[in-house]
Amino acid sequence: MAAAVRGRRFKWSLELAAAPGGRPRGAAEGRGPLGFAERQLGEGGVHESDKILMEKRCWDVALAPLKQIPMNLFIMYMAGNTISIFPAMMVCMMGWRPLQALMSLSATLKALESSSRRALQGLVFLVGNGLGLALALYKCQAMGLLPTRPSDWLAFVAPPQRMEFTGGGLIL
Amino acid sequence: MAPPPCFEAPSAPRGLLGAPAGCPARCLHPAGGAHAGFPRRQRRGRPFGFEAPSAPGARPGAAMAAGLWALLLLPLAAAVYEDQVGKFDWRQQYVGKLKFASLEASQGSKKLIVATEKNVVAALNSRSGEILWRHVDKGTPEGAIDAMMIHGQDAITVSNAGRILRSWETNIGGLNWEMSLDTGSFQVASLVGLQDVVKYVAVLKKAAISLHYLSNGHQKWVEHLPESESTQYQLLYSHGTGVIHVLGIVPQSHLNILTFSVEDGEITKQVIRVAAPWLKSLNGVCSVVGEAVLVCMDMGTHSLYVCSLETEQEMKQIPLQSLDLEFADGFQPRILATQPNVISPSRTQFFLQLSPSHFSLLQYKHGLLSHLRDFQQVPEINVLKHVRHSKTYIFLYCYWGLQPCYVFSSLFQKPGSSDDLHESLTCSNQTYNINLYLVETGQRLLDTTITFTLEQSGAKPQQLYIQVFLKKDDSVGYRALVQTEDHMLIFLQQPGKVVWSREESLAEVVSLEMVDLPLTGAQAELEGEFGKKADGLLGMFLKRLSSQLILLQAWTAHLWKMFYDARKPRSQIKNEINIDNLARDEFNLQKMMVMVTASGKLFGIESSSGTILWKQYLRNVKPGSSFKLMVQRTTAHFPHPPQCTLLVKDRETKMSFLYVFNPIFGKRSQVAPPVLKRPILQTLLLPIMDQDYAKVLLLIDDEYKVTAFPATKNVLRQLEEIAHSIFFYLVDAEQGKLSGFRLKKDLTTEESWEVIIPTEVQRIVTVKGKRSSEHVHSQGRVMGDRSVLYKSLNPNLLAVVTESTDTHHERTFIGIYLIDGVTGRIIHSSVQKKAKGPVHMVHSENWVVYQYWNTKARRNEFTVLELYEGTEQYNATAFSSLDRPILPQVLQQSYIFPSAISAMEATITERGITSRHLLIGLPSGAILSLPKALLDPRRPEIPTEQSREENLIPYSPDVQIHAERFINYNQTISRMRGIYTAPSGLESTCLVVAYGLDIYQTRVYPSKQFDVLKDDYDYVLISSVLFGLVFATMITKRLAQVKLLNRAWR
């Protein structure tokens, strides 16, 4: 009856887990899913390669800012020193990205937690970002955006106080 | 006349300011009233000049250069839109003090023809006083008008000492003809008629008489006068009989009477010699009455001499005693006779002036002299001619009576000082009468009195011109033109109604200051609240409430007025400004102009409309006095009234006095100025104030002693403290001496330096210091490499210009000296060879610009000097002339300017941030606004990267005149003498007043209006977009909510 009902519901069905012997469906549970191995895998070897990978991944994270630098240098060279919208945007991005990275430093450090040379990687990351920032600053300086010269503060120079008063002219 | 500068505008090589096709070159004709010299306005468009940034069809390189120029010049050019004409500017035109005037006799005529001492011939509308037309001749004696005669529709003038004879069409002011006459000192000119027709004009000169046709000016004949070396020919007489009598005199010997025929100029009779050993001159002493009868007055024998020109050869003596007449001792009597028409004989009646205010009417008829009437206390008699239609003549004259001016003294107590009483002498209103008398009998005509009152000014009437006409009922009516001592013209109608008045003294403004207007009553109330002493918490609170209430009231009134005005068309809104509703506007753009004129009359003129709000005549000012106007207290110190002080110095007696007044209301201040016993040489207005916030004025006299005003204890104590830092410099141009004085604690001075410029070689022409009110915002200039070149801003620096006494074009030179006024140190001196004055100079910030005539290249040139300290500042916090070890660097550059100039001034703004322009008044009457950046000695000859970085325009020697840079489009200013600039409350805006024969006021925006919305800012569009967006946001928000809800239900 049940088979008849099933036969009515599905036109056809395939049971992959079914043994060729035509065992009932409920017996498959004890055997495990497809690709299930009864035997446990060797613990040591797999753990070793994972760690190396992890280390590598951490180094990738730490070295990312440094790797950016040559690219940035190239962009800087191409952008030139004139102040227009694209160079200005580039400089902004160049400055903003390291800043952002530095602000989310704790998150990055957490990501590096698993690494054994955490301190070194953190330092490299810091240095890389610092260099990026310095590069952006240098570009700003080259573009004349930093108020480093007296001319930039000229508008705030107060007129000197007058010490003497004179008056007169042609005799009336 | 020089070609109008507009001819240069189309040839602008850069293609920037050249107008595009379809827009004609904007040519400004000085006299062209209808032709607009401004770009036509396009709605929300820019002036045409900006729409063609580069010349079409130019080569790429040239186009790039043009583009560069466009970039450089774009922010510098300025023009007025068509609908802005007259919005911020106004012009008032004047003619000056009258010399000759003619009021046309017919009743319907609407013109008064005048010739003035300013060498102007003009026609005034007799209904309104407006100028119908005006011709301005040269301002020098070459343009002086010697005589004016009216014949029908033509006015004949003789000018340039009898060299030029002109005929003007009086209806439109056109020149009928012009004739140049031979040289020779001009004596007299007269119309000559022949048998009822006036056809000629005769001009008598020292050695010749010439007759010209009235129709075309051609000379009919010219005759030399015999014995012209010894004889002075002074009188000319004809009365339509075909002969002209010329009277000459050999002083203290005899009279020569010549008779010329009108037709061919032959002497018809032999020269008649009439012995008159007592006669020195004919002018005023002798006159021709009746049918060619000469009447002379002899002071020595107290008698009249009579002689017929045609028949007699002897003079008949008539003693005055026989007529019971006596004249005042020491007074030169005058004889006043008139000829009603040049083709009819003179009247037999004449006036004898016996004393300044005593006239006698006499008649000489059929060999008999009779006395008709005496007129006492008459300051002026005017003899009129009037032809009555029935061919009988009535002669009218008039006089004015003077009611005694009474003097009252009053005591005023000056607020703030305890025991300062003083007297003020005030003259009451003076009332004058004009009466008409019948000349035949001396009877007064009834109902012909004009009574008029002059204001408190106390100026006396000086001249009277009468226009007489017959009314419809055959009675006599007349109008009178009165000129007073203070050069005011009043046109009167019976029975004393002032039809109009003109203030002709404004044609000669000598000094000008702009004073801020006071706050409105409400604001003043609010400010007064803080000014007064505290009187309890509750009192203060109530006061605050009441003042806020007043503010609210004022605001609602303002709103109501706005709504009320908004309904009316714009042209009908009249903002009448009078002395009661004077108030400062938001941006302080409206100010009070205090003007001092050469006649000694002071004016208070509201700057936005040009309305004269007050005037004050100083009677004791002699012509030719020198004036110095100073603002001691501004309106910022409520409740203390603002205070101006005028120093007047008489050129002859050298004595001076101070006049202290309130510049807003024109009233004499109650503060008593010090009595100046010694002649004052110069003044100095110190920034220190007394307890009433009046700045201290120091006056140095010819003994080099100093008087302080005000001289309260507080001031004297302050002076004692800072005496060591006060210095005077005096420049004596006559002796070529500049000297400096140091103030000592006891208010005496000691000489500290002296510079002699030998007068044999050169003479000092101008000395200019800096304006004390000037603010310099930037202390240096940023160079291309971003370093700073600090300006040398020496507030004590004087620029002295000398001209060589040798004016030969090869040897003439001008000298420029920059001298420190404290130490006398010559900071820079240079001599410009082959250069000639007049030199116009502007000295401001760290630069001096001057203009001169280059005699070698024969052109006008500008030279600019700029002073820099270098890239380091010696002392950034304090400037002392006594501690300046390093001389500033002086940079210099010269430029060619295509025109002569008549006045020059620099714009000035509140904080000095806005870039500076030079306002240059051209002889054509235009004012050119020239960016100072064009006159910059750092302009490179070869542009470099750094100079481009600095926005320096590459050097080109010629500075061009672009018509777009004229700030006064076609409102030309005749004979401009000076330009005055004042800052307004807006940093972008500078107020400009140019004065000369005309007065012109406007605003300039050297860096454009960066701090206000444009005049044509589209409020409707912007606000509709804004509201639309807000609305759209609200709708979309709602829609989004609905959509979200729907989705949630799904």
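The name an unreviewed UniProt entry gives chain B is ER membrane protein complex subunit 1, with Otus sunia as the organism. Listed in UniProt under the heading Sequence similarities (unreviewed entry), the comment for chain B reads: "Belongs to the EMC1 family." What UniProt records for chain B under Subcellular location (unreviewed entry) is the sentence "Endoplasmic reticulum membrane".

Chain A is annotated in an unreviewed UniProt entry as ER membrane protein complex subunit 4 of Otus sunia. The record in UniProt for chain A states the following under Subunit (unreviewed entry): "Component of the ER membrane protein complex (EMC)." As stated in UniProt under Sequence similarities (unreviewed entry), the record for chain A gives "Belongs to the EMC4 family."

**Comments concerning the overall build of chain B**
The secondary structure content of chain B amounts to six helices and 68 strands. Counting only residues that meet the buried cut, chain B has 52% of its 1050 residues in that class. When the accessible surface of chain B is split by element, carbon and sulfur atoms take 54% of a total near 49200 Å².

**Some words on the overall build of chain A**
The number of helices and strands found in chain A is five helices and two strands. Scanning chain A from its N terminus toward the C terminus, one meets helices and strands in the order α-α-α-α-α-β-β. When contacts within chain A are restricted to residue pairs at least 6 apart in sequence, long-range pairs at least 24 apart make up 71% of them. Working note: accessible area of chain A is about 12900 Å², and carbon and sulfur atoms make up 66% of it.

**Comments concerning the environment of Val288(B)**
All names here are of chain B. Note that Val 288 resides in strand E18 (residues 286–289). In the structure, Val 288 is positioned 46 residues away from Arg 334 in sequence and 13 Å away in space, judged by C-alpha atoms. Apart from residues no more than four positions distant in its own chain, Val 288 is found in contact with Tyr 237, Val 293, Leu 294, Leu 309, Ala 337 and Ser 346.

**Considerations on the interface of chain A and chain B**
Think of interface size as the accessible area that goes away when the parts come together; that is how it is often given. With 26 residues of chain A at the interface, the matching set in chain B holds 46 residues. When the two sides are added together, the surface that chain A and chain B hide from each other amounts to roughly 3000 Å², 59% of it contributed by carbon and sulfur. For the chain A face of the interface with chain B, the top three residues by lost area are Glu164(A), Phe165(A) and Leu172(A), together amounting to 26%. In this structure, the connection of chain A to chain B is made through one salt bridge. For the pair chain A and chain B, the number of links is 21 residue pairs in polar contact (both at pLDDT 80 or more). Listing elements by their share of the side of chain A that touches chain B, those giving two or more residues are strand E1 (161–162) and strand E2 (165–170) of chain A. By residue number, the principal contributor to the side of chain A that touches chain B is E2(A), which donates six residues. A per-class count over the side of chain A that touches chain B returns 13 nonpolar, nine polar and four charged. Looking at chain direction, E2(A) and strand E49 (residues 726–732) of chain B are connected through six bridges and run parallel. The residue of E49(B) that forms the bridge with Gly167(A) is Phe728(B).

**Here's the deal with the UniProt feature "transmembrane region" (unreviewed entry) in chain A**
All names here are of chain A. Per the UniProt entry, the sites bearing "transmembrane region" (unreviewed entry) are residues 74–99 and 119–138 in this numbering. For residues 74–99, helix accounts for 81% and strand for 0%, while the C-alpha atoms at its two ends are 20 Å apart. Between the end C-alpha atoms of residues 119–138 the distance is 28 Å, and the span holds 100% helix and 0% strand.

**Observations concerning the sheet that holds strand E65 (residues 927–931) of chain B**
All names here are of chain B. Read from one edge to the other, the open sheet built from three strands follows the order E63-E64-E65, with strand pairing classed as antiparallel. Strands at the two margins of the open sheet, each flanked by one partner only, are strand E63 (903–906) and E65. Going from strand to strand, the sheet's axes swing by 20 degrees on average, the running direction of each strand aside. Here five bridges tie strand E64 (residues 917–921) to E65, and the two strands are oriented antiparallel to one another. Bridging across to E65, His 917 finds its partner in Pro 931.

**Topic: the nonpolar core**
Side chains that are nonpolar tend, in soluble globular proteins, to be buried together. Residue and element names in this part refer to chain B. In this structure, Leu 255, Leu 279, Leu 294, Leu 304, Met 315, Phe 350 and Leu 352 are the most contacted members of the largest nonpolar core, which totals 39 residues. Sort the elements by how many residues they give to this core and strand E19 (residues 293–298) lands first, with five residues. Excluding anything up to four places from it in sequence, Phe 350 contacts Val 289, Val 295, Leu 304, Ile 335, Leu 336, Ala 337, Ser 360, Leu 361, Leu 362, Tyr 364 and Leu 369. Grouped together as the second largest cluster of nonpolar side chains are 32 residues, Val 95, Met 595, Val 993 and Leu 997 included.

**Topic: the pairing of strand E16 (residues 254–261) of chain B**
All names here are of chain B. Burial analysis of E16 places eight of its eight residues in the buried class, which makes it a mostly covered element. Taking every second residue as pointing to the same face, both faces of E16 are buried, with His 254, Asn 256, Leu 258 and Phe 260 on one and Leu 255, Ile 257, Thr 259 and Ser 261 on the other. The pairing of strand E15 (residues 243–250) with E16 spans eight bridges and is antiparallel. Residue Val 243 lies in a different strand from E16, and its bridge partner there is Ser 261. Following E15, the chain reverses through three residues before pairing antiparallel with E16; Gln 252 in that reversal takes a positive phi of roughly 60 degrees. Two elements, E16 and strand E17 (residues 272–275), share four bridges in a ladder whose sense is antiparallel. Residue pairing across strands places Asn 256 opposite Arg 273, the latter belonging to E17.

**A look at a nonpolar patch on the surface**
Judged by side-chain polarity, Leu1013(B), Tyr1017(B), Tyr1019(B), Val1020(B), Leu1021(B), Ile1022(B), Val1025(B) and Leu1029(B) come together as a nonpolar surface patch covering roughly 780 Å² of accessible area. Summarising the element assignment, Tyr1017(B) is placed in the loop between strand E68 (999–1004) and helix H6 (1019–1049).

**Some points on the state of the cysteines**
With the rule as written, the count across this model stands at one disulfide over all chains. Between the sulfur of Cys286(B) and that of Cys296(B) lies a disulfide, 1.9 Å long from S to S. Every disulfide takes its handedness from the sign of the S-S torsion; for Cys286(B) and Cys296(B) that torsion is 110 degrees, giving right-handed. One end of the pair, Cys286(B), is in strand E18; the other, Cys296(B), is in strand E19, with ten residues separating them in the sequence. Like Cys286(B), the residue Cys296(B) is buried in the burial classification. The cysteine Cys140(A) is free of any disulfide, with Cys92(A) supplying the nearest cysteine sulfur at 7.3 Å. Cys644(B) supplies the cysteine sulfur nearest to Cys990(B), a cysteine that is in no disulfide, at a spacing of 19 Å.

**Quick look at the sheet that holds strand E35 (residues 461–470) of chain B**
Residue and element names in this part refer to chain B. In space, the four strands of this open sheet follow the order E35-E36-E37-E38, with antiparallel pairing throughout. Either end of the sheet is taken by a strand with one partner, and the two such strands are E35 and strand E38 (497–503). Ignoring which end each strand starts from, the neighbouring axes of this sheet average 15 degrees apart.

**Looking at helix H5 (residues 118–143) of chain A**
All names here are of chain A. End to end, H5 covers 37 Å across 26 residues, agreeing with the expected 38 Å (1.5 Å per residue, within 8%). All of the buried residues along H5 are Gln 121, Gly 122, Val 124, Phe 125, Gly 128, Asn 129, Gly 132, Leu 135, Ala 136, Lys 139, Cys 140 and Met 143. One or two positions beyond H5, positive phi appears at Gly 144, with a value near 80 degrees.

**Brief notes about the pattern of salt bridges**
All names here are of chain B. Following the criterion strictly, the structure yields 31 salt bridges over all chains and no others. The salt bridge involving Lys 622 is made with Asp 650; its shortest N-O contact spans 3.4 Å. Taken together, the residues Lys 622 in the loop between strand E42 (612–617) and strand E43 (626–633) and Asp 650 in the loop between strand E44 (643–649) and strand E45 (656–661) connect sequence positions 28 residues apart. A single salt-bridge network, built from bridges that share partners, covers Asp 486, Glu 503, Lys 601 and Lys 615.

**Some thoughts on unusual backbone geometry**
All names here are of chain B. Looking along the chain, the bond that leaves Phe 709 and enters Pro 710 is cis, with omega of 0 degrees. The residue Pro 710 is located in the loop between strand E48 (706–709) and helix H4 (713–722) in this model. Between Gly 837 and the following residue, Pro 838, the backbone shows a cis peptide bond with an omega angle of 0 degrees. Topologically, Pro 838 is positioned in strand E58 (residues 835–844). Even without being glycine, Asn 588 reaches a positive phi, approximately 60 degrees. Within the secondary structure, Asn 588 is located in the loop between helix H3 (537–567) and strand E40 (591–597).

**Let's talk about the confidence of the model for chain B**
Residue and element names in this part refer to chain B. For chain B, mean pLDDT is 80; residues scoring 70 or higher make up 84% of the total. Mean pLDDT across the secondary structure elements of chain B bottoms out at strand E28 (residues 407–408), with 26, and peaks at H6, with 96. Note that residues 1–77 has pLDDT below 50 and, in this model, 101 contacts with residues that lie over four places away or in other chains. Ignoring residues within four places in sequence, the model shows residues 384–428, a span with pLDDT below 50, making 112 contacts including any to other chains. Predicted as a complex, the structure gets a pTM of 0.80 and an ipTM equal to 0.71.

What counts and what doesn't
Residues numbered from 1 in each chain as written. Chains lettered and ligands numbered in written order. Predicted model: local features only at pLDDT ≥ 70, side-chain atom pairs only at ≥ 80, totals over all residues. Heavy atoms only, no water. UniProt positions renumbered as here; feature names shortened; annotations may be inferred. Helix = DSSP H or I, 4+ residues; strand = E, 2+ residues; numbered from the N terminus. Buried < 20%, exposed > 50% of the residue type's maximum accessible area, 1.4 Å probe, protein only. Areas by Shrake-Rupley, 256 points an atom, 1.4 Å probe, with all protein chains shown as cover. Contact = heavy atoms within 4.5 Å. Buried area = accessible area lost by both parts, 1.4 Å probe. Salt bridge = Lys/Arg side-chain N within 4 Å of Asp/Glu carboxyl O. Polar contact = N/O pair within 3.5 Å; in protein donor to acceptor, adjacent residues only side chain to side chain. Nonpolar A, V, L, I, M, F, W, Y, C, P; charged D, E, K, R; others polar. Pairing = 2+ DSSP bridges. Axes fitted to C-alpha atoms, helices over the stretch in contact; angles between N-to-C directions. Core = buried A, V, L, I, M, F, W, Y, C linked by side-chain atoms within 4.5 Å. Patch = residues over 30% accessible without salt bridge, like charges linked within 9 Å, V, L, I, M, F, W, Y side chains within 5 Å. Disulfide = S-S within 2.5 Å. Expected span 1.5 Å × (residues − 1). pLDDT = per-residue confidence, 0-100.

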